[in-house]
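What the coordinates show
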Amino acid sequence: MRRFLLAAGLLLAAPATAGAEEALSGGAFTVFESGRAAFTTMAPALPEALVRDFARGRTVFNRPWLAAPAQDERFIGLGPLFNRLSCVACHPRNGGGFAPETAAEPMRTMLVRLSVPGEGEHGGVRPHSAYGDQLNEDGIPGVPGEGRAVIRWREHDEVLPGGEAVRLRRPLISFTGLAYGPLGKDALISPRIAPPVFGLGLLAAVPEADILAIAAENGGRPNRVWDAGNGRTVLGRFGWKANQPSVLQQLAGAMLGDLGVTSPLFTGQNCTEAQPECRAAFVAPQPELTAGQLLALETYHLGLGVPARRGVDDPSVRRGEALFVAAGCASCHRPTLTTGSHPSLEDLGGQVIHPYTDLLLHDMGADLADGRPDFLATGSEWRTPPLWGLGLRRLVDPRAGLLHDGRARSPLEAVLWHGGAAREAAAAVRRLPSDDRRALLRFLDSL
Ligand code: HEC
Ligand code: HEC
């Protein structure tokens, strides 16, 4: 693998081939790492002055949190209710999570969102009265975990023209050991795997006006969500339904929702009225995640590089790229965006990037619907996920899944589930002769 040096954001040894620019998926924040560290590598474009903060943020991401009392007071504050001890537990090597293969396996890198019909505060979801907006499987000593979600798969084979059979599976979800009463018939349930976490600073820096212009031209809808730090409704960008407005709020939300760790942005513990042990549990000095730790965690996410594409000039990759456009994939998975400015890191601005997303919501049809609206996103709408790094996901973690619930084990499976506004694009892929389909998959693998 060739490596190029980036210094002060300048490309010193840019290759002279036609594909050079296209390979720089993250502009100056591209890294030339195509092994297991592809998603954990710091972009050399991160200013020197932030490197220490980046390393500190990496520790906050990777370290297991502790319930009080404990020795290392920097990491006390787990729970009372939580899903995992650390961020990295669900985002292995910063890559995507996966769904359990069998009902006996726990949800290692996945969580289940819960709510009830109707609108909650600021137009968001209405949390379930006993369980809140997410099932927390575990509790600190003395606090019963909420219960476990179990996935069973219903499988069927789809036979493509040419005879290739693809086994598809759809999850059926149930619960065991619910500690705070039944969920009730009304409960809205949405199982989700963890998405990869690199490149988010660049996506945060794409001008809102550009995203709205894409929506006007191509379809797709912006989500409008609550920005808790600034007390107003803004464009949503992160999460499977684009229900988070910024990297900072996404991180603080994960700290509270997934680890039970409070922060300057979300100060209340994650207990409901129905959870007396949780409400009475010992509370560490507040906020459990300090402002400094939260900013370091943000710097870490902003500074992670986006892996460069591989094999851009390979003729079959080129053919696959043309087929990707011809099938209509590029209308949602937008190959190129240009960043404007980022409020906390200037260097993220003015970058030509290749994320393969429009950051907009699309109706993906009944088969992918979770029936759980979130701000403006309906029960069948999802945000187009970025495809950069797609070909490296299974190298980073061989179990990595695709689609919001991890049902797809390959890009082809993911495409075959596309319905709704993407139905025609999926139909075009079904109709392709098998060599063309292989070329399309080669292209996806080069991302
Ligand atoms: C229990 C598993 C789990 C844990 C633990 C977890 N995450 Fe996540 N993470 C997810 C899931 C699932 C999503 C998608 C959530 C959604 O769309 O509702 C997500 C989304 C994200 C995103 C947004 C990615 C994108 O492209 O939109 C970021 C960033 C993130 N998590 C960071 C963190 C951090 C930081 C921590 C530790 C505080 C953490 N996560 C802990 C499962 C987890
Ligand atoms: C109408 C918009 C739209 C079109 C057209 C479209 N997609 Fe998607 N794509 C999405 C959305 C939204 C999702 C997420 C759906 C979900 O998670 O349930 C997605 C998910 C994916 C995923 C899984 C990514 C991940 O991180 O889990 C792949 C791979 C993918 N699309 C490839 C394609 C290809 C190839 C085409 C063309 C044949 C295509 N898409 C056409 C909107 C679209």
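Presented here is a report on the structure given in the accompanying data block. (Residues numbered from 1 in each chain as written. Chains lettered and ligands numbered in written order. Predicted model: local features only at pLDDT ≥ 70, side-chain atom pairs only at ≥ 80, totals over all residues. Heavy atoms only, no water.)

Description of the sheet that holds strand 10 (residues 188–193)
By definition, the strands of a sheet pair up through backbone hydrogen bonds, in either a parallel or an antiparallel sense. Just so we agree on the cut-off: Here a strand pair is declared whenever DSSP counts at least two bridges between the two strands. Put simply, DSSP marks the helices as runs of H or I at least four residues long and the strands as runs of E at least two long, and each gets a number from the N terminus on.
Strand order in the open sheet made by the three strands is 6-5-10, with antiparallel pairing throughout. Where the open sheet ends on each side, the last strands, each with one partner, are strand 6 (125–126) and strand 10. In the sheet, strand 5 (residues 110–119) pairs with strand 6 via two bridges, with the strands oriented antiparallel. Bridging from a neighbouring strand, Val-116 pairs with Arg-126 of strand 6.

Quick word on the state of the cysteines
Operational definition: Note that a disulfide, as used here, is simply two cysteine sulfur atoms within 2.5 Å.
A full pass over the atoms with the stated rule returns one disulfide. Linked covalently through their sulfurs, Cys-271 and Cys-278 form a disulfide whose S-S length is 2.1 Å. As the torsion about the S-S bond is roughly -75 degrees, the Cys-271-Cys-278 disulfide counts as left-handed.

Let's talk about the coordination of the iron atom of ligand 2
Octahedral six-donor coordination of a metal ideally yields angles of 90 or 180 degrees, compared with 109.5 degrees for tetrahedral four-donor coordination. Filter applied, for reference: Coordinating donors are taken to be N, O and S atoms lying within 2.8 Å of the metal, or within 3.2 Å when the metal is Na, K or Ca; because water is excluded from the atom set, some sites may appear incomplete. A site with four donors is called tetrahedral when every donor-metal-donor angle falls between 85 and 135 degrees; four donors are called square planar, and six octahedral, when opposite donors sit more than 155 degrees apart and all other angles fall between 65 and 115; any other arrangement is irregular. Note on classification: 1.4 Å probe, protein chains only; a residue is buried when its accessible area is under 20% of the maximum for its type, exposed when over 50%, partly exposed between these limits.
Donor atoms from the polypeptide that bind the iron atom of ligand 2 are His-333 (NE2) and His-418 (NE2), placed at 2.0 Å. The site at the iron atom of ligand 2 holds six donor atoms, and with the angles between them running 87 to 179 degrees, its shape is octahedral. On the criterion of sequence distance, the pair formed by His-333 in the loop between helix 8 (315–326) and strand 14 (337–338) and His-418 in the loop between helix 10 (411–416) and helix 11 (423–431) is long-range, its members being 85 residues apart. Given the relative accessible area of 12%, His-333 is considered buried. A relative accessible area of 18% places His-418 in the buried class.

Examining the coordination of the iron atom of ligand 1
Looking at the protein side alone, the iron atom of ligand 1 has one donor only, His-91 (NE2), at 2.1 Å. Along the polypeptide, His-91 turns up in the loop between strand 4 (81–82) and strand 5.

What about unusual backbone geometry?
Across the junction of Gly-79 and Pro-80, the peptide omega takes the value 10 degrees, indicating a cis bond. If you trace the backbone, Pro-80 turns up in the loop between helix 2 (51–62) and strand 4. Of note, the bond from Gln-286 into Pro-287 is cis; its omega dihedral lies within 30 degrees of zero at -15 degrees. Inspection of the secondary structure assignment puts Pro-287 in the loop between helix 6 (276–280) and helix 7 (291–303).

Here's the deal with the site of ligand 2
For clarity, the threshold we go by: What makes a residue near a molecule or strand is one non-hydrogen atom of that residue sitting within 4 Å of it. For this analysis, a polar contact is any N or O atom pair within 3.5 Å, provided that within protein one partner can donate a hydrogen and the other can accept it, and provided that sequence-adjacent residues contribute only side-chain to side-chain pairs. Amino acids outside the nonpolar list (Ala, Val, Leu, Ile, Met, Phe, Trp, Tyr, Cys, Pro) and the charged list (Asp, Glu, Lys, Arg) are all regarded as polar, and Gly is one of them.
Within the structure, ligand 2 sits among 27 residues, and Cys-329, Cys-332, His-333, His-404 and His-418 are positioned closest to it. A distance of 2.8 Å separates a nitrogen atom of ligand 2 from a polar side-chain atom of His-333. For ligand 2, an oxygen atom lies 2.7 Å from a polar atom in the backbone of Leu-403. Partitioning the shell around ligand 2 into residue classes produces 19 nonpolar, six polar and two charged.

Remarks on the environment of Leu-66
Rules: Here, two residues are considered to be in contact whenever any of their heavy atoms come within 4.5 Å of each other.
For Leu-66, the position within the fold is in the loop between helix 2 and strand 4. Spatially, the C-alpha atom of Leu-66 lies 6.2 Å from that of Gly-77, the residues being eleven residues apart in sequence. Each residue touching Leu-66, except ones within four places of it in the same chain, is listed here: Asp-72, Phe-75, Ile-76, Gly-77 and Leu-78.

Topic: the packing of aromatic side chains
This is how it is decided: The rule is short: rings of Phe, Tyr and Trp, with Trp giving its six-membered ring, pair when the centres are within 6.5 Å, and they are stacked under 30 degrees, edge-to-face over 60, tilted in between. Any Lys NZ or Arg CZ that is within 6 Å of a ring centre and within 35 degrees of that ring's normal is treated as a charge sitting over the ring.
The full count for this structure, using the stated rule, is nine aromatic pairs. Ring plane angle 45 degrees and centroid distance 5.7 Å describe the contact between Phe-61 and Tyr-300, whose orientation is recorded as tilted. In this pair, Phe-61 sits in helix 2 while Tyr-300 sits in helix 7, placing the two residues 239 residues apart along the sequence. An identical accessibility class is assigned to Phe-61 and Tyr-300; each is buried. The cationic tip of Arg-169 hangs over the ring face of Trp-153; the distance from NZ or CZ to the ring centre is 3.8 Å. Above the plane of the ring of Trp-382 lies Lys-241, whose end atom (NZ or CZ) is 4.1 Å from the centre.

Considerations on the layout of surface pockets
Here is the rule: Residues are said to line a cavity or pocket when one of their atoms sits within 4 Å of a point; the points come from a 1 Å grid over protein atoms alone, cavities being sets where a 1.4 Å probe fits but cannot get out and pockets being open sets with protein on both sides within 12 Å along at least five of seven lines. Grid points are joined across faces, edges and corners, and a volume is the space filled by probe spheres set on the points.
The volume enclosed by the second largest pocket comes to roughly 500 Å³. Considering the residues around the second largest pocket, the lining is formed by 23 residues, among which Asp-227, Asn-230, Pro-245, Ser-246 and Pro-343 are closest to the centre. The set of elements that each furnish at least two residues to the lining of the second largest pocket consists of strand 12 (232–235) and helix 5 (247–259).

Description of the site of ligand 1
Neighbouring residues of ligand 1: 29 residues in total, closest Cys-87, Cys-90, His-91, Arg-113 and Gly-239. Arg-192 is positioned with one of its side-chain polar atoms (N or O) 2.7 Å from an oxygen atom of ligand 1. The side chain of Asp-258 places a nitrogen or oxygen atom 3.0 Å from a nitrogen atom of ligand 1. Looking at the shell around ligand 1, the elements with two or more residues in it are strand 5, strand 10, helix 5 and helix 7. The element best represented in the shell around ligand 1 is helix 5, accounting for six residues.

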